[in-house]
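Structural overview
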Amino acid sequence: MILKELSPLFSYLSKHKKGIAVGCVWLILTNCFVLSLPWVLKYAIDGLKGGINSRALSFYASLILAVSLVAGVFRFLMRRGLIGISRKIEYDLRNDFFRHLQRLSPSYFNRTPTGDLMSRATNDLDAVRMLLGPGLLNLFNTIIISITAVSLMIYIDPWLSLYSLIPLPFLSLIINRMGKELYWRFERVQAHYSRLSAQVQENFAGIRVVKAYGQESDQIKRFRRSNLEFVSKNMSLVKIWGFFLPLMLLFSGMGMLIVLWLGGKAVIVNRITLGEFVAFNGYLIMLVWPITALGWVLNLFQRGATSMGRISQILQQKPDISNASHPIRVTSLRGEIELRNVIFAYEENSEPVLKGISLKIPPGSTLAIVGPTGSGKSTLVNLIPRLYDPTGGSLLIDGTDIRRIPLKILRRHIGYVPQEGFLFSDTIRENIALGKISFKEDEVMAAASASQILEDINHFPRKFLTQTGERGITLSGGQKQRVGLARALIANPRILILDDPFSQVDTSTEEAIWKSIREKTAGSTKILVTHRISSVRDADRIIVLSGGKIVEEGTHKELLARKGTYAELYRKQLIRQELEEL
Amino acid sequence: MHGYVSDEIAGKAYDSRLMRRLLQYLAPYKIQVVFSLLLLLLISLLQLVGPYLTKIAIDRYISHGISSGLNRIALLFFFVLLVAFILRFLQTYIMEWVGQRIMHDLRMNIFSHMQQLPLSFFDQNPVGRLMTRVTTDVQVLNELFSSGVVTIFGDIFTLAGIILVLFIMNWKLSLVTLSVVPLLFYATLLFRKKVRSSFRLIRKRIARINAFLQENISGMWVVQLFSQEAKKFRQFAHINWQYCQAYLKTIFYYALFFPAVEFISALAIAMIIWYGGSQVLGATLSLGALVAFIQYAERFFYPIRDLSEKYNILQSAMAASERIFNILDLAVDESYQQVPRQLPPLKGKVEFRNVWFAYQGEEWVLEDISFTVNKGEKVAIVGATGAGKTSIINLLTRFYQKNRGRILIDGIDIEELDAGWLRSQIGLIMQDVFLFSGSVEENLRLGNLELGQARLEELSRYVHLDQFISQFPRGYQTDVRERGSILSAGQKQLLAFARALARNPQLLILDEATSNIDPQTELLIQEALLKLMDGRTSIIIAHRLSTIQNADKIIVIHKGKIREMGTHEELLAQKQIYYMLYQIQYKDQKRLAPLPLATGNPSTNPASEKRKKKEDSK
Ligand SMILES: Nc1ncnc2c1ncn2[C@@H]1O[C@H](COP(=O)(O)OP(=O)(O)OP(=O)(O)O)[C@@H](O)[C@H]1O
Ligand SMILES: Nc1ncnc2c1ncn2[C@@H]1O[C@H](COP(=O)(O)OP(=O)(O)OP(=O)(O)O)[C@@H](O)[C@H]1O
Ligand SMILES: [Mg+2]
Ligand SMILES: [Mg+2]
């Protein structure tokens, strides 16, 4: 199970093959020198027993110093190399994680809480890093030290060595059992941590509502609940891994006990010398730390595997919107849009939101979409930049299926003003410039002026360098909307999609914007979704969407003449106006 | 006013103050900590028994060839090991428990404290960065409490014990052995100086990664729409690399420090061999004692190595706690500090008297605003975008603090009122709708448990939300996901509307509450409102003039000042800003207005009649 989860890591490790190989050489050298220390000690003590002179004594002392100095140098090189690599792999892995997220479609993010993804990119990644750094390092160390120590011990006395290793099989049995349990419990801890993060994220993001509705204490209560649960999940983990370290110490102690007991007897019957006995003991003590570390390493491995599994879950998520295997080669689009019996449902087996829409928008024309709330207007326009793909029917641009147009080309030609805008916490300038890959200052300026935000910006003390705050929190509603508009206009797109772009803007500004949009994007195809009938009148064509179907279409005049839904909508506004006139 | 909480922290040596403050969190768990320390004391004592038993075994039995004594020693050893095992587990468990509890307490503290920080604080600090304080920063402290603090004590016990035994055995040799200790101190000091700033840097940079992630995950679709993936990726890789870099720097010093400690320990052993060896030669020291001495010396350096390993934990814990305490030290919003004044339910008279307000410094957003809204009145605020309409509401709800002037509700200055109470009396629909993930019902209730299911359904009917809810397979239990992402923009507004009405407010504030709703539905809602808000006060902000026509009073704001005030007819007669806005919105219709029209008041228009019939038939 561990290996399966960890297998994606091999490709990352192999990228640092050379560094790892070199690090391992340092590791081996370090251990060679460290392991020769007890040997020196043995000679010193045996020498003392035999009554050596003080010159030899100082020789041994300086030998110890020299050996440990060299060992120290190698240890330094090894640590710097191997731990450094683990950090670099963490870096690569996090980059890949983010890059993969960038490929996933909005429907994925709709399903997945932001806080959850964040905790995988930080907390889980941290557990993986621990495995790669201290985990692997200590594993290697343990293996090397154990092998050398054990073989030296065997060299001194095979029987004694065998006795001292009696506890080992029992140990591995117990560890195996506990490891599995550890894996699951840690999984539960990490999942809950994700939930906790998501909760905090949501609370902070919605702090205004929390305050407006006096939800502070309620939110605290909820947080306390999941916080307490987190504690109990952690404690259930502790019940397992709290055993590891003491267990390891118990078993290494048992080894010492056996050596003292049986080894002592061996000295008594003169099978080994007292010096050998002491050296043997020294090796055993040396084994104490690596074996104890083994418990720790195993813990790290289980945790790392769990977390890597959680990261892989995301990395293995197939992007559902991507380039076709045989994209056509185009570099520019004319802007003709055609929908053929398009059906769309947000989730499989759920009732479709769009129920067979057929529509043809000639290049350069303006289409207006009106209709009641929830009728599918935003859903319809979301299909054009392929935020979602239709479930049925087909969508063609310039006569080719939209899926065969390279995603980048398609989106580069579309200017989209979403109904609910999104600004990054950056300067106004950067937010506008987001609409174009490379841009000049005066383009930003022109886009701002076309969307009538220039005057507001010039009013700000820092002008275009004003920070917008997260999601544009420090701008007024209409200012946010107009920055979003400027962003869509800057690239002079062939297709301009405006989803209720004036909902937060007063009518006089609206009129000015509409006028400059029409001037600036004269040849572009425009799709305007709106609830304000006054801005619809000049459209080349108007469709009325209701319940996911087109119920009426035509020009303003035609639709009025039909005396259907549109006429009624229109009439209703008139009624109120006329009422005022009374 | 609160600013951006800086991530830069003065590198002053106030570790001990931080530590003291952190240790205060141990106070509620005194008993457990003391017990665990006792356990540790026992464990350290037991640890000392091993080498001592070896010494006895060598000196008394092995060198005299008594193997029966050896058996007794082995049995004793076994017993010691077993007890140590049990005690260790107990100790780990208790300390982990304490550590988890403390983290729980810390998280609760930070979270609760954040709830009371003023909004201006949240304006300037990205959510992702703030999250870091509650999640990762606290997590860093885990090790400190669960394994750090107490094992440090344990290590110190062990050290003290070893030193004691060494001195009893041979004080001269002990002095020689311990002569390396000053060297150790020096190495530690040097190391500490080098790494402390790196640890701060690390905390700061992980926060930046978090902030970037949180923003870019929620705005991923925008990045994709504008094909900016490559650019955003570069930005991410950059901050990710900076984080990595900060670590690489610590790794260097850390890799240096650890071998240095090892070398110093080897130095001690060399001195024992050299000095102790000559004592053995001079027959003032037994060989067994020398062996034990070496073993003790090795054990002496275990905890020290351990401590140096812990040093890492300590340093990152310090860096994290610094950031946590920075948040906890921020003063909470003044509006939470009031003694709640017991009031009769709000009547609904609102008065602004010469109010001035700026979000920053002297950048006036509102200048000399004065108006009165009487109980039961319906007042509209209109004006160009960015004029300051929302800001007026922000002051009325005490989200922000006005700079000058007075704001009165029912004749009482709102600064004397408890903000929680005040907000509980107001039904506010904000310009940006925010819904929590969770069911429709939870969002409607928002903690209001008294609300009956029947009333919920009734309210949803009023705002025409019911038809959508009934389409969802799980009805009111449908999970609306993060920020209500499964709803259309208009549906979200309807939900927010119902949510506000559910509190049965005396004062209703609608800030562009129907901007994304089609006019037909809006009209129906307005009629419902007329009934619901009879005798109650409402303040309505809207750009669509149709929304506000039958207001008792219309206030026109322009660039932060009140420019016109009066009824619809009065303002039209003035032929100024309002007149102009009106002209633009209706000129088309004037031009075209050919249709013969039904006369009468809004409640007799066809749509509402249909509605009435439907209701009657139920
Ligand atoms: N949190 C904030 N921090 C700093 N400045 C702000 C903040 N909120 C708003 N502003 C600024 O204050 C001014 C008034 O904003 P306000 O939101 O009151 O306008 P508004 O009249 O509601 O506009 P709209 O109709 O577009 O919503 C704007 O220039 C805006 O940039
Ligand atoms: N991400 C989603 N997942 C599931 N259902 C969704 C999602 N987004 C929208 N819907 C549903 O699809 C329907 C159409 O939504 P859409 O946003 O297209 O409406 P709209 O016509 O734009 O409405 P509005 O005028 O309010 O903006 C709604 O009933 C809504 O609940
Ligand atoms: Mg929409
Ligand atoms: Mg506003």
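The text that follows walks through the structure, step by step, so that each part is easy to find. (Residues numbered from 1 in each chain as written. Chains lettered and ligands numbered in written order. Predicted model: local features only at pLDDT ≥ 70, side-chain atom pairs only at ≥ 80, totals over all residues. Heavy atoms only, no water.)

A look at the site of ligand 1
Stated formally: Throughout, the term near means that a residue has one or more heavy atoms lying within 4 Å of the molecule or strand in question. Identification of polar contacts relies on pairs of N or O atoms within 3.5 Å, with a donor-acceptor requirement for protein atoms, meaning one able to donate a hydrogen and the other able to accept it, and with residues adjacent in sequence counted only if both atoms are side-chain atoms.
Within the structure, ligand 1 sits among 22 residues, and Ser476(A), Gly478(A), Lys389(B), Thr390(B) and Ser391(B) are positioned closest to it. Near ligand 1, the surrounding residues are drawn from chains A and B. One of the side-chain N or O atoms of Ser476(A) is found 2.7 Å from an oxygen atom in ligand 1. Between ligand 1 and Thr390(B), the relevant distance is 2.5 Å, taken from an oxygen atom to a side-chain nitrogen or oxygen of the residue.

Side note on the packing of aromatic side chains
Put simply, the test is: A pair of aromatic rings is counted whenever rings of Phe, Tyr or Trp (Trp by its six-membered ring) have centres within 6.5 Å, and the orientation is called stacked for planes under 30 degrees apart, edge-to-face for over 60 and tilted otherwise. By the criteria applied, helices consist of DSSP H or I runs no shorter than four residues and strands consist of E runs no shorter than two, each listed in order from the N terminus. Each residue gets one of three labels from its accessible area relative to the maximum for its type: buried under 20%, exposed over 50%, partly exposed in between, using a 1.4 Å probe on protein chains only.
As enumerated under the stated definition, the model contains 35 aromatic pairs over all chains in all. Between Phe204(A) and Phe111(B), the ring centres sit 6.2 Å apart and the planes meet at 20°, which makes this aromatic pair stacked. Pair noted here: Phe204(A) is in helix α8 (residues 167-205) and Phe111(B) is in helix α3 (residues 67-115), and the two residues belong to different chains. On the basis of an interplanar angle of 5° and a centroid distance of 4.2 Å, the ring pair of Phe191(B) and Phe257(B) is categorised as stacked. Of this pair, Phe191(B) sits in helix α8 (residues 181-218) while Phe257(B) is found in helix α10 (residues 229-281), placing the two residues 66 residues apart along the sequence. A relative accessible area of 5% means that Phe191(B) is categorised as buried. Judged by its relative accessible area of 6%, Phe257(B) is buried. One aromatic cluster is present, formed by Phe204(A), Phe223(A), Phe111(B), Phe121(B) and Phe122(B) through successive ring pairs.

Comments concerning the interface of chain A and chain B
Quick reminder of the rule: For this analysis, residues touch if any pair of their heavy atoms sits within 4.5 Å. By convention, the term buried area covers the 1.4 Å-probe accessible surface removed from two parts as they join, with the contributions of both added. We define a salt bridge as a side-chain nitrogen of Lys or Arg found within 4 Å of a carboxyl oxygen belonging to Asp or Glu. In this classification, Asp, Glu, Lys and Arg are treated as charged, Ala, Val, Leu, Ile, Met, Phe, Trp, Tyr, Cys and Pro as nonpolar, and every other residue, Gly included, as polar.
At the interface, 176 residues of chain A touch 179 residues of chain B. For the pairing of chain A and chain B, the buried interface totals around 16,900 Å² over both sides, and the portion due to carbon and sulfur atoms is 66%. Where chain A touches chain B, the interface holds seven salt bridges. Between Glu430(A) and Lys231(B) there is a salt bridge; the shortest N-O distance is 3.3 Å. At the boundary of chain A and chain B, one finds 42 residue pairs in polar contact (both at pLDDT 80 or more). Broken down by element, the side of chain A that touches chain B gets its largest block of residues, 32 residues, from helix α10 (residues 216-268) of chain A. Class assignment of the residues belonging to the side of chain A that touches chain B gives a composition of 78 nonpolar, 51 polar and 47 charged.

Quick word on the coordination of the magnesium ion (ligand 3)
Residue and element names in this part refer to chain A. Our working rule: The donor set covers N, O and S atoms within 2.8 Å of the metal, switching to 3.2 Å for Na, K and Ca, and it leaves out water, so a site may look short of donors.
Looking at the magnesium ion (ligand 3), one finds its protein donor set to be Ser378 (OG) and Gln419 (OE1), positioned 1.8 to 2.1 Å from the metal centre. One end of the pair, serine 378, is in helix α12 (residues 377-382); the other, glutamine 419, is in the loop between β6 (414-417) and α14 (428-433), with 41 residues separating them in the sequence. Judged by relative accessible area, glutamine 419 falls into the buried class, the value being 14%.

Description of the sheet that holds strand β5 (residues 412-413) of chain B
All names here are of chain B. Heads up, the condition is: Between any two strands, pairing holds if DSSP finds at least two bridges. Only the stretch in contact is used when fitting a helix axis, every axis being a line fitted to C-alpha atoms; angles between N-to-C directions are given from 0 to 180 degrees.
The strand order across the open sheet built from four strands is β2-β1-β4-β5, with neighbouring strands paired in antiparallel fashion. The two strands at the open ends of the sheet, each matched to only one other strand, are β2 (364-373) and β5. On the sheet, helix α12 (residues 389-396) packs against β1 (350-358), β2 and β4 (404-409) and is oriented at approximately 110° with respect to β1.

By themselves, these are just geometric observations and shouldn't be taken as functional.
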